[in-house]
Amino acid sequence: MKELVNKLKGDRVIWSFVALLALFSFMPVFSASSNLAYIGHGTGNTLGYLVKHLAHVCIGFLIIYWVHKVPYHYFRAISKIALPVVWLLLLYTLLKGTVIAGANASRWIQVPFIGITFQTSTLAASVLFIYVARYLSKTKEENEPFQTSFIQLWVPVFITLALILPANFSTTALIFSMVMMLTFIGKYPLKYIAFIIGSGIAMLAFFLLVAKAFPDSRFFSRVSTWESRIMNFTTDKPDEDDYQIEKAKIAIASGRLGGLGPGKSVQKNFLPQSSSDFIYAIVVEEYGLVGGVAILVLYLLLLFRFVIASHKANTLFGKLVVVGLGFPMIFQAMINMAVAVELLPVTGQTLPLISSGGSSIWMTCFSLGIIISVTKKEEEIAEEQEEKARRKEALQRLIDKELAEEDLASNEKEEIYEEEALYSIEDNSRNPMNAVLNK
(Lines give C-alpha, C1' and ligand atoms only; values in the text may rest on other atoms or scores of the structure.)
Protein backbone atom coordinates (compact mmCIF):
# COMPACT_ATOMS: atom_id res chain seq x y z
CA MET A 1 0.00 0.00 0.00
CA LYS A 2 2.85 2.35 0.87
CA GLU A 3 4.51 1.64 -2.47
CA LEU A 4 1.27 2.45 -4.28
CA VAL A 5 0.91 5.76 -2.43
CA ASN A 6 4.53 6.64 -3.24
CA LYS A 7 3.75 6.22 -6.94
CA LEU A 8 1.07 8.90 -6.75
CA LYS A 9 2.52 12.22 -7.82
CA GLY A 10 1.10 15.71 -7.66
CA ASP A 11 -1.08 17.34 -5.00
CA ARG A 12 -1.75 14.69 -2.34
CA VAL A 13 -4.55 16.82 -0.84
CA ILE A 14 -6.50 16.67 -4.11
CA TRP A 15 -5.93 12.91 -4.18
CA SER A 16 -7.32 12.70 -0.61
CA PHE A 17 -10.46 14.75 -1.28
CA VAL A 18 -11.22 12.80 -4.44
CA ALA A 19 -10.78 9.49 -2.59
CA LEU A 20 -13.06 10.66 0.25
CA LEU A 21 -15.84 11.69 -2.15
CA ALA A 22 -15.55 8.44 -4.09
CA LEU A 23 -15.60 6.30 -0.93
CA PHE A 24 -18.60 8.16 0.45
CA SER A 25 -20.52 7.63 -2.80
CA PHE A 26 -20.96 3.88 -2.33
CA MET A 27 -23.54 3.99 0.46
CA PRO A 28 -25.85 6.59 -1.17
CA VAL A 29 -25.65 4.85 -4.56
CA PHE A 30 -26.32 1.44 -2.99
CA SER A 31 -29.31 2.85 -1.12
CA ALA A 32 -30.74 5.15 -3.80
CA SER A 33 -30.59 2.64 -6.67
CA SER A 34 -33.68 0.80 -5.42
CA ASN A 35 -35.87 2.89 -7.74
CA LEU A 36 -33.89 1.75 -10.78
CA ALA A 37 -33.84 -1.82 -9.47
CA TYR A 38 -37.65 -1.95 -9.29
CA ILE A 39 -37.97 -0.38 -12.74
CA GLY A 40 -35.29 -2.64 -14.23
CA HIS A 41 -36.16 -6.11 -12.93
CA GLY A 42 -38.84 -5.60 -10.28
CA THR A 43 -36.89 -7.12 -7.37
CA GLY A 44 -35.42 -4.04 -5.71
CA ASN A 45 -32.03 -5.75 -5.33
CA THR A 46 -29.42 -2.99 -5.66
CA LEU A 47 -26.31 -5.15 -5.30
CA GLY A 48 -25.78 -5.18 -9.06
CA TYR A 49 -25.86 -1.38 -9.16
CA LEU A 50 -23.33 -1.23 -6.33
CA VAL A 51 -20.95 -3.55 -8.21
CA LYS A 52 -21.45 -1.49 -11.36
CA HIS A 53 -20.67 1.71 -9.48
CA LEU A 54 -17.57 0.06 -7.96
CA ALA A 55 -16.37 -0.84 -11.45
CA HIS A 56 -16.98 2.73 -12.65
CA VAL A 57 -15.03 4.20 -9.72
CA CYS A 58 -12.13 1.75 -10.12
CA ILE A 59 -11.86 2.52 -13.83
CA GLY A 60 -12.07 6.22 -12.96
CA PHE A 61 -9.10 6.02 -10.57
CA LEU A 62 -7.12 4.10 -13.19
CA ILE A 63 -7.86 6.97 -15.59
CA ILE A 64 -6.59 9.48 -13.02
CA TYR A 65 -3.42 7.45 -12.51
CA TRP A 66 -2.68 7.02 -16.22
CA VAL A 67 -3.50 10.61 -17.15
CA HIS A 68 -1.52 12.18 -14.30
CA LYS A 69 1.55 10.35 -15.60
CA VAL A 70 1.29 12.23 -18.92
CA PRO A 71 2.93 15.70 -19.02
CA TYR A 72 0.01 18.12 -19.17
CA HIS A 73 1.46 20.20 -22.00
CA TYR A 74 0.89 17.21 -24.33
CA PHE A 75 -2.81 18.01 -24.19
CA ARG A 76 -2.24 21.33 -25.97
CA ALA A 77 -1.81 19.56 -29.31
CA ILE A 78 -4.24 16.77 -28.44
CA SER A 79 -7.11 19.23 -27.89
CA LYS A 80 -6.73 20.69 -31.37
CA ILE A 81 -6.87 17.21 -32.92
CA ALA A 82 -9.61 15.90 -30.62
CA LEU A 83 -12.06 18.77 -31.16
CA PRO A 84 -13.17 17.71 -34.70
CA VAL A 85 -13.52 14.13 -33.44
CA VAL A 86 -15.74 15.40 -30.63
CA TRP A 87 -17.91 17.25 -33.16
CA LEU A 88 -18.47 14.02 -35.09
CA LEU A 89 -19.42 12.21 -31.88
CA LEU A 90 -21.83 14.98 -30.89
CA LEU A 91 -23.40 14.95 -34.35
CA TYR A 92 -23.81 11.19 -34.18
CA THR A 93 -25.36 11.52 -30.71
CA LEU A 94 -27.76 14.16 -32.02
CA LEU A 95 -28.87 11.95 -34.91
CA LYS A 96 -28.55 8.42 -33.53
CA GLY A 97 -28.29 8.91 -29.76
CA THR A 98 -29.89 6.50 -27.31
CA VAL A 99 -31.99 7.04 -24.18
CA ILE A 100 -30.97 5.30 -20.96
CA ALA A 101 -33.32 4.12 -18.23
CA GLY A 102 -34.90 6.89 -16.22
CA ALA A 103 -34.00 9.69 -18.63
CA ASN A 104 -35.99 11.27 -21.42
CA ALA A 105 -33.27 12.77 -23.61
CA SER A 106 -30.94 11.13 -26.17
CA ARG A 107 -27.57 12.26 -24.82
CA TRP A 108 -25.73 8.94 -24.97
CA ILE A 109 -24.17 6.72 -27.60
CA GLN A 110 -23.77 2.97 -27.45
CA VAL A 111 -20.12 1.91 -27.62
CA PRO A 112 -19.84 -0.96 -30.16
CA PHE A 113 -18.82 -4.44 -28.95
CA ILE A 114 -18.65 -3.28 -25.30
CA GLY A 115 -22.32 -2.46 -24.78
CA ILE A 116 -21.79 0.53 -22.46
CA THR A 117 -23.33 3.96 -22.99
CA PHE A 118 -21.28 7.14 -23.09
CA GLN A 119 -22.42 10.76 -22.73
CA THR A 120 -20.48 12.66 -25.38
CA SER A 121 -21.17 16.13 -23.98
CA THR A 122 -18.96 15.40 -20.95
CA LEU A 123 -16.02 14.62 -23.24
CA ALA A 124 -16.79 17.66 -25.39
CA ALA A 125 -16.71 19.97 -22.35
CA SER A 126 -13.26 18.78 -21.21
CA VAL A 127 -11.75 18.98 -24.69
CA LEU A 128 -13.24 22.43 -25.29
CA PHE A 129 -11.90 23.84 -22.00
CA ILE A 130 -8.39 22.57 -22.83
CA TYR A 131 -8.68 24.04 -26.34
CA VAL A 132 -9.72 27.46 -24.97
CA ALA A 133 -6.86 27.37 -22.43
CA ARG A 134 -4.46 26.51 -25.24
CA TYR A 135 -5.61 29.42 -27.38
CA LEU A 136 -5.51 31.97 -24.54
CA SER A 137 -2.02 30.89 -23.46
CA LYS A 138 -0.78 30.97 -27.07
CA THR A 139 -2.09 34.47 -27.76
CA LYS A 140 -1.05 35.98 -24.43
CA GLU A 141 1.98 37.68 -25.95
CA GLU A 142 0.29 38.32 -29.31
CA ASN A 143 -2.35 40.98 -29.90
CA GLU A 144 -4.42 39.19 -32.50
CA PRO A 145 -7.33 41.10 -34.11
CA PHE A 146 -10.85 40.11 -33.10
CA GLN A 147 -11.59 38.65 -36.55
CA THR A 148 -8.75 36.15 -36.15
CA SER A 149 -9.70 35.21 -32.60
CA PHE A 150 -13.34 34.88 -33.62
CA ILE A 151 -12.46 32.26 -36.23
CA GLN A 152 -9.88 30.38 -34.17
CA LEU A 153 -11.59 30.57 -30.76
CA TRP A 154 -15.28 31.38 -30.93
CA VAL A 155 -16.30 29.46 -34.03
CA PRO A 156 -15.16 26.13 -32.45
CA VAL A 157 -16.88 27.12 -29.18
CA PHE A 158 -20.20 27.89 -30.89
CA ILE A 159 -20.04 24.74 -33.04
CA THR A 160 -19.59 22.62 -29.91
CA LEU A 161 -22.40 24.38 -28.05
CA ALA A 162 -24.75 24.17 -31.05
CA LEU A 163 -24.31 20.40 -31.17
CA ILE A 164 -24.99 20.01 -27.43
CA LEU A 165 -27.88 22.50 -27.09
CA PRO A 166 -30.79 20.55 -28.68
CA ALA A 167 -30.48 17.71 -26.16
CA ASN A 168 -28.99 19.41 -23.10
CA PHE A 169 -29.59 23.08 -22.36
CA SER A 170 -28.17 23.04 -18.82
CA THR A 171 -24.83 21.58 -19.96
CA THR A 172 -24.68 24.11 -22.80
CA ALA A 173 -25.30 27.00 -20.39
CA LEU A 174 -22.71 25.65 -17.94
CA ILE A 175 -20.04 25.24 -20.64
CA PHE A 176 -20.74 28.69 -22.09
CA SER A 177 -20.52 30.41 -18.70
CA MET A 178 -17.31 28.54 -17.83
CA VAL A 179 -15.75 29.53 -21.16
CA MET A 180 -16.67 33.15 -20.41
CA MET A 181 -15.05 32.86 -16.99
CA LEU A 182 -11.94 31.28 -18.52
CA THR A 183 -11.56 34.03 -21.12
CA PHE A 184 -12.01 36.66 -18.40
CA ILE A 185 -9.26 35.08 -16.27
CA GLY A 186 -7.11 34.77 -19.40
CA LYS A 187 -7.42 38.56 -19.84
CA TYR A 188 -9.34 38.43 -23.09
CA PRO A 189 -10.61 41.97 -23.92
CA LEU A 190 -13.80 42.74 -22.01
CA LYS A 191 -15.50 44.46 -24.96
CA TYR A 192 -15.12 41.28 -27.00
CA ILE A 193 -16.44 39.15 -24.12
CA ALA A 194 -19.51 41.39 -23.93
CA PHE A 195 -20.02 41.05 -27.68
CA ILE A 196 -19.77 37.25 -27.47
CA ILE A 197 -22.29 37.12 -24.60
CA GLY A 198 -24.72 39.23 -26.63
CA SER A 199 -24.17 37.01 -29.68
CA GLY A 200 -24.79 33.90 -27.59
CA ILE A 201 -28.08 35.27 -26.27
CA ALA A 202 -29.15 36.24 -29.80
CA MET A 203 -28.32 32.75 -31.12
CA LEU A 204 -30.30 31.15 -28.28
CA ALA A 205 -33.28 33.40 -29.07
CA PHE A 206 -33.07 32.43 -32.74
CA PHE A 207 -32.96 28.75 -31.78
CA LEU A 208 -36.10 29.16 -29.64
CA LEU A 209 -37.92 30.99 -32.48
CA VAL A 210 -37.09 28.18 -34.91
CA ALA A 211 -38.25 25.65 -32.29
CA LYS A 212 -41.58 27.49 -32.05
CA ALA A 213 -41.92 27.39 -35.84
CA PHE A 214 -41.24 23.64 -35.97
CA PRO A 215 -42.56 22.24 -32.67
CA ASP A 216 -42.89 18.67 -34.00
CA SER A 217 -39.23 18.33 -35.02
CA ARG A 218 -37.22 15.87 -32.92
CA PHE A 219 -34.35 18.39 -32.77
CA PHE A 220 -36.54 20.80 -30.78
CA SER A 221 -38.39 18.26 -28.64
CA ARG A 222 -36.63 19.38 -25.44
CA VAL A 223 -37.65 23.04 -25.74
CA SER A 224 -41.07 22.41 -24.21
CA THR A 225 -39.38 20.63 -21.29
CA TRP A 226 -37.14 23.66 -20.67
CA GLU A 227 -40.13 25.98 -20.74
CA SER A 228 -42.15 23.84 -18.33
CA ARG A 229 -39.23 23.60 -15.88
CA ILE A 230 -38.75 27.37 -15.84
CA MET A 231 -42.50 27.96 -15.51
CA ASN A 232 -42.77 25.44 -12.66
CA PHE A 233 -39.85 27.10 -10.89
CA THR A 234 -41.44 30.54 -11.08
CA THR A 235 -45.02 29.41 -10.36
CA ASP A 236 -46.78 26.80 -8.21
CA LYS A 237 -48.21 24.90 -11.17
CA PRO A 238 -48.01 21.12 -10.44
CA ASP A 239 -45.95 19.06 -12.88
CA GLU A 240 -43.61 16.06 -13.05
CA ASP A 241 -40.61 18.27 -12.23
CA ASP A 242 -42.57 19.82 -9.38
CA TYR A 243 -43.19 16.28 -8.13
CA GLN A 244 -39.43 15.62 -8.14
CA ILE A 245 -38.71 18.81 -6.22
CA GLU A 246 -41.43 18.09 -3.68
CA LYS A 247 -40.07 14.59 -3.01
CA ALA A 248 -36.53 16.00 -2.75
CA LYS A 249 -37.67 18.61 -0.21
CA ILE A 250 -39.53 15.96 1.79
CA ALA A 251 -36.34 13.86 1.85
CA ILE A 252 -34.25 16.83 3.03
CA ALA A 253 -36.80 17.80 5.69
CA SER A 254 -36.97 14.20 6.93
CA GLY A 255 -33.21 14.07 7.48
CA ARG A 256 -33.16 16.87 10.07
CA LEU A 257 -29.81 17.13 11.87
CA GLY A 258 -28.50 13.56 12.10
CA GLY A 259 -30.45 11.81 9.34
CA LEU A 260 -32.47 8.60 9.32
CA GLY A 261 -29.37 6.44 8.99
CA PRO A 262 -27.54 4.74 6.10
CA GLY A 263 -29.94 2.88 3.80
CA LYS A 264 -33.06 4.05 5.65
CA SER A 265 -34.25 6.61 3.13
CA VAL A 266 -37.97 6.49 2.34
CA GLN A 267 -38.15 8.96 -0.54
CA LYS A 268 -35.64 6.98 -2.61
CA ASN A 269 -38.57 4.73 -3.56
CA PHE A 270 -40.58 7.65 -4.94
CA LEU A 271 -37.96 10.10 -6.21
CA PRO A 272 -37.01 9.64 -9.89
CA GLN A 273 -33.26 9.78 -10.63
CA SER A 274 -32.57 9.34 -6.91
CA SER A 275 -29.14 7.82 -7.59
CA SER A 276 -27.95 10.56 -9.97
CA ASP A 277 -29.65 13.95 -10.33
CA PHE A 278 -31.24 13.98 -6.85
CA ILE A 279 -28.74 11.93 -4.89
CA TYR A 280 -27.94 14.92 -2.67
CA ALA A 281 -31.50 14.82 -1.30
CA ILE A 282 -31.01 11.15 -0.38
CA VAL A 283 -27.67 11.99 1.27
CA VAL A 284 -29.31 14.64 3.46
CA GLU A 285 -32.24 12.33 4.29
CA GLU A 286 -29.96 9.51 5.42
CA TYR A 287 -27.09 11.51 6.94
CA GLY A 288 -28.89 14.68 7.94
CA LEU A 289 -27.74 18.27 7.80
CA VAL A 290 -24.34 17.15 9.08
CA GLY A 291 -23.77 14.88 6.08
CA GLY A 292 -25.07 17.46 3.60
CA VAL A 293 -22.82 20.21 4.98
CA ALA A 294 -19.84 17.80 5.05
CA ILE A 295 -20.25 17.11 1.32
CA LEU A 296 -20.55 20.84 0.61
CA VAL A 297 -17.39 21.57 2.63
CA LEU A 298 -15.46 18.85 0.78
CA TYR A 299 -16.31 20.44 -2.56
CA LEU A 300 -15.37 23.90 -1.29
CA LEU A 301 -12.03 22.57 0.01
CA LEU A 302 -11.44 20.95 -3.38
CA LEU A 303 -12.15 24.33 -5.01
CA PHE A 304 -9.63 25.94 -2.65
CA ARG A 305 -6.99 23.40 -3.69
CA PHE A 306 -7.74 24.10 -7.34
CA VAL A 307 -7.12 27.81 -6.70
CA ILE A 308 -3.80 27.00 -5.02
CA ALA A 309 -2.82 24.63 -7.84
CA SER A 310 -3.63 27.29 -10.44
CA HIS A 311 -1.59 29.87 -8.56
CA LYS A 312 1.44 27.55 -8.28
CA ALA A 313 1.39 26.38 -11.91
CA ASN A 314 4.56 27.29 -13.79
CA THR A 315 2.90 28.17 -17.10
CA LEU A 316 -0.14 30.17 -18.14
CA PHE A 317 -1.51 27.11 -19.92
CA GLY A 318 -1.26 25.13 -16.67
CA LYS A 319 -3.06 27.85 -14.71
CA LEU A 320 -5.89 28.05 -17.25
CA VAL A 321 -6.22 24.27 -17.52
CA VAL A 322 -6.70 23.94 -13.74
CA VAL A 323 -9.33 26.69 -13.79
CA GLY A 324 -11.03 25.38 -16.93
CA LEU A 325 -11.28 21.78 -15.74
CA GLY A 326 -11.56 22.24 -11.98
CA PHE A 327 -14.03 25.08 -11.56
CA PRO A 328 -16.81 23.55 -13.75
CA MET A 329 -16.63 20.43 -11.59
CA ILE A 330 -17.37 22.45 -8.44
CA PHE A 331 -20.03 24.61 -10.09
CA GLN A 332 -21.76 21.48 -11.35
CA ALA A 333 -21.85 20.16 -7.77
CA MET A 334 -23.30 23.47 -6.54
CA ILE A 335 -25.97 23.38 -9.26
CA ASN A 336 -26.93 19.82 -8.28
CA MET A 337 -27.29 20.82 -4.62
CA ALA A 338 -29.19 24.00 -5.52
CA VAL A 339 -31.70 22.02 -7.58
CA ALA A 340 -32.32 19.64 -4.67
CA VAL A 341 -33.26 22.54 -2.38
CA GLU A 342 -35.20 24.37 -5.16
CA LEU A 343 -32.81 27.28 -5.53
CA LEU A 344 -32.63 26.47 -9.27
CA PRO A 345 -34.97 24.75 -11.73
CA VAL A 346 -34.40 21.06 -12.51
CA THR A 347 -31.31 20.78 -14.73
CA GLY A 348 -30.22 17.14 -14.88
CA GLN A 349 -26.67 17.85 -13.66
CA THR A 350 -25.13 15.05 -11.60
CA LEU A 351 -23.10 15.34 -8.39
CA PRO A 352 -19.46 14.75 -9.46
CA LEU A 353 -17.82 11.60 -8.02
CA ILE A 354 -20.92 10.74 -5.97
CA SER A 355 -23.77 10.24 -8.46
CA SER A 356 -23.91 6.97 -10.37
CA GLY A 357 -23.03 6.98 -14.05
CA GLY A 358 -19.98 5.79 -15.95
CA SER A 359 -19.20 8.59 -18.42
CA SER A 360 -19.74 11.30 -15.80
CA ILE A 361 -17.32 9.64 -13.37
CA TRP A 362 -14.74 8.85 -16.05
CA MET A 363 -14.62 12.34 -17.55
CA THR A 364 -14.45 13.88 -14.08
CA CYS A 365 -11.49 11.58 -13.36
CA PHE A 366 -9.93 12.48 -16.72
CA SER A 367 -10.09 16.17 -15.78
CA LEU A 368 -8.70 15.44 -12.31
CA GLY A 369 -5.81 13.50 -13.85
CA ILE A 370 -4.80 16.51 -15.95
CA ILE A 371 -5.12 18.85 -12.95
CA ILE A 372 -2.94 16.56 -10.81
CA SER A 373 -0.43 16.41 -13.67
CA VAL A 374 -0.19 20.21 -13.51
CA THR A 375 0.45 20.08 -9.75
CA LYS A 376 3.44 17.75 -10.02
CA LYS A 377 6.63 19.20 -8.55
CA GLU A 378 9.83 19.63 -10.53
CA GLU A 379 11.60 16.88 -8.59
CA GLU A 380 8.69 14.50 -9.27
CA ILE A 381 8.88 15.32 -12.98
CA ALA A 382 12.67 14.79 -12.90
CA GLU A 383 12.18 11.47 -11.12
CA GLU A 384 9.67 10.35 -13.76
CA GLN A 385 12.07 11.36 -16.53
CA GLU A 386 14.89 9.41 -14.88
CA GLU A 387 12.63 6.38 -14.52
CA LYS A 388 11.63 6.71 -18.17
CA ALA A 389 15.31 6.94 -19.17
CA ARG A 390 16.11 3.83 -17.11
CA ARG A 391 13.29 1.89 -18.75
CA LYS A 392 14.50 3.02 -22.17
CA GLU A 393 18.07 2.02 -21.35
CA ALA A 394 16.95 -1.39 -20.07
CA LEU A 395 14.90 -1.92 -23.19
CA GLN A 396 17.87 -0.96 -25.35
CA ARG A 397 20.09 -3.44 -23.48
CA LEU A 398 17.52 -6.16 -24.04
CA ILE A 399 17.37 -5.35 -27.75
CA ASP A 400 21.20 -5.34 -28.00
CA LYS A 401 21.33 -8.71 -26.25
CA GLU A 402 18.81 -10.20 -28.66
CA LEU A 403 20.74 -8.81 -31.64
CA ALA A 404 24.02 -10.18 -30.29
CA GLU A 405 22.48 -13.64 -29.84
CA GLU A 406 21.12 -13.52 -33.38
CA ASP A 407 24.54 -12.51 -34.75
CA LEU A 408 26.22 -15.35 -32.81
CA ALA A 409 23.71 -17.88 -34.14
CA SER A 410 24.20 -16.55 -37.66
CA ASN A 411 28.02 -16.83 -37.39
CA GLU A 412 27.77 -20.41 -36.12
CA LYS A 413 25.57 -21.35 -39.09
CA GLU A 414 28.07 -19.79 -41.50
CA GLU A 415 30.95 -21.80 -39.95
CA ILE A 416 28.94 -25.02 -40.30
CA TYR A 417 28.25 -24.22 -43.93
CA GLU A 418 31.97 -23.54 -44.56
CA GLU A 419 32.97 -26.85 -42.94
CA GLU A 420 30.42 -28.73 -44.99
CA ALA A 421 31.69 -27.07 -48.13
CA LEU A 422 35.33 -27.86 -47.18
CA TYR A 423 34.72 -31.59 -46.74
CA SER A 424 32.32 -32.02 -49.60
CA ILE A 425 32.92 -35.05 -51.82
CA GLU A 426 30.87 -33.64 -54.66
CA ASP A 427 32.95 -33.34 -57.88
CA ASN A 428 31.93 -32.45 -61.41
CA SER A 429 35.08 -33.81 -63.14
CA ARG A 430 35.05 -36.77 -65.53
CA ASN A 431 36.77 -39.12 -63.06
CA PRO A 432 34.31 -39.91 -60.22
CA MET A 433 37.22 -41.11 -57.98
CA ASN A 434 39.03 -37.71 -57.99
CA ALA A 435 37.16 -36.45 -54.96
CA VAL A 436 38.39 -39.45 -52.90
CA LEU A 437 41.91 -39.51 -54.33
CA ASN A 438 42.45 -35.80 -53.78
CA LYS A 439 41.55 -36.16 -50.12
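See the structure printed just above.
First, a word on what this report is: a plain description of the structure on this page. Quick caveat: nothing in here was measured; it's all calculated off a predicted structure.

Once that is clear, we can look at the pattern of salt bridges. Counted by the stated rule, this structure contains three salt bridges. Residues K249 and E246 are paired through a salt bridge, measuring 3.7 Å at the closest nitrogen-oxygen approach. Linking K249 with E246, this pair stays in helix α11 (residues 240–255), spanning three residues, or about one helical turn. Accessibility expressed as a relative area gives 31% for K249, which makes it partly exposed.

Glancing now at the packing of helix α5 (residues 74–96) against helix α6 (residues 120–138). Packing of α5 against α6 brings their axes to within 8 Å, and their N-to-C directions diverge by 145°. The crossing of α5 and α6 is left-handed. Taken together, the residues of α6 that come into contact with α5 (itself represented by F75, R76, S79, K80, A82, L83, V86, L89, L90 and T93) are T120, S121, L123, A124, V127, L128, I130, Y131, R134, S137 and K138. Across the contact of α5 with α6, the residue classes tally to twelve nonpolar, five polar and four charged.

What follows deals with unusual backbone geometry. Glycine aside, negative phi is the norm for most residues, and most peptide bonds take the trans geometry. Positioned with a positive phi, E342 is a non-glycine residue whose angle comes to about 60°. Along the polypeptide, E342 turns up in the loop between α13 (316–340) and α14 (358–374). We note that L353 has phi near 70°; this positive angle belongs to a residue other than glycine. With respect to the secondary-structure elements, L353 resides in the loop between α13 and α14.

Applying the stated criterion to the full structure yields nine aromatic pairs. Measuring from centroid to centroid gives 5.3 Å for F24 and Y287, while their planes differ by 55°, and the two rings are tilted. Of this pair, F24 sits in helix α2 (residues 12–32) while Y287 sits in helix α12 (residues 279–312), placing them 263 residues apart in sequence. Between F146 and F195, the ring centres sit 5.6 Å apart and the planes meet at 85°, which makes this aromatic pair edge-to-face. Taken together, the residues F146 in helix α7 (residues 146–164) and F195 in helix α9 (residues 190–213) connect sequence positions 49 residues apart. Within the aromatic cluster, the residues linked to one another by ring pairs are F146, F150, W154, Y188, Y192 and F195. Lying across the ring of F317, R76 places its NZ or CZ 5.0 Å from the centre. Cation over ring: K247 sits above F270, and NZ or CZ is 5.2 Å from the ring centre.

Contact geometry for α13 and α14: axes closest at 9 Å, N-to-C directions at 145°. Of the two possible hands of crossing, α13 and α14 adopt the one that is left-handed. Between α13 and α14, the residues in contact are G318, V321, V322, L325, G326 and M329 and T364, S367, L368, I370, I371 and V374, respectively. The residue makeup of the contact of α13 with α14, split by class, is eight nonpolar, four polar and no charged.

Along the chain, T172 turns up in helix α8 (residues 169–185). Polar side-chain contacts of T172 include one of 3.3 Å to the backbone nitrogen of L165. Residues within four places of T172 in sequence aside, it is in contact with L161, I164 and L165.

Turning to the environment of F118, a few remarks are in order. Looking at where F118 falls in the secondary structure, it is placed in strand β2 (residues 117–119). In the structure, F118 is positioned 239 residues away from G357 in sequence and 9.2 Å away in space, judged by C-alpha atoms.

How each quantity is defined
- Residues numbered from 1 in each chain as written.
- Predicted model: local features only at pLDDT ≥ 70, side-chain atom pairs only at ≥ 80, totals over all residues.
- Heavy atoms only, no water.
- Salt bridge = Lys/Arg side-chain N within 4 Å of Asp/Glu carboxyl O.
- Helix = DSSP H or I, 4+ residues; strand = E, 2+ residues; numbered from the N terminus.
- Buried < 20%, exposed > 50% of the residue type's maximum accessible area, 1.4 Å probe, protein only.
- Axes fitted to C-alpha atoms, helices over the stretch in contact; angles between N-to-C directions.
- Left-handed = near helix turned anticlockwise from the far one by under 90°.
- Contact = heavy atoms within 4.5 Å.
- Nonpolar A, V, L, I, M, F, W, Y, C, P; charged D, E, K, R; others polar.
- Phe/Tyr/Trp six-rings, centres within 6.5 Å; stacked < 30°, edge-to-face > 60°.
- Lys NZ or Arg CZ within 6 Å of the ring centre and 35° of its normal.
- Polar contact = N/O pair within 3.5 Å; in protein donor to acceptor, adjacent residues only side chain to side chain.

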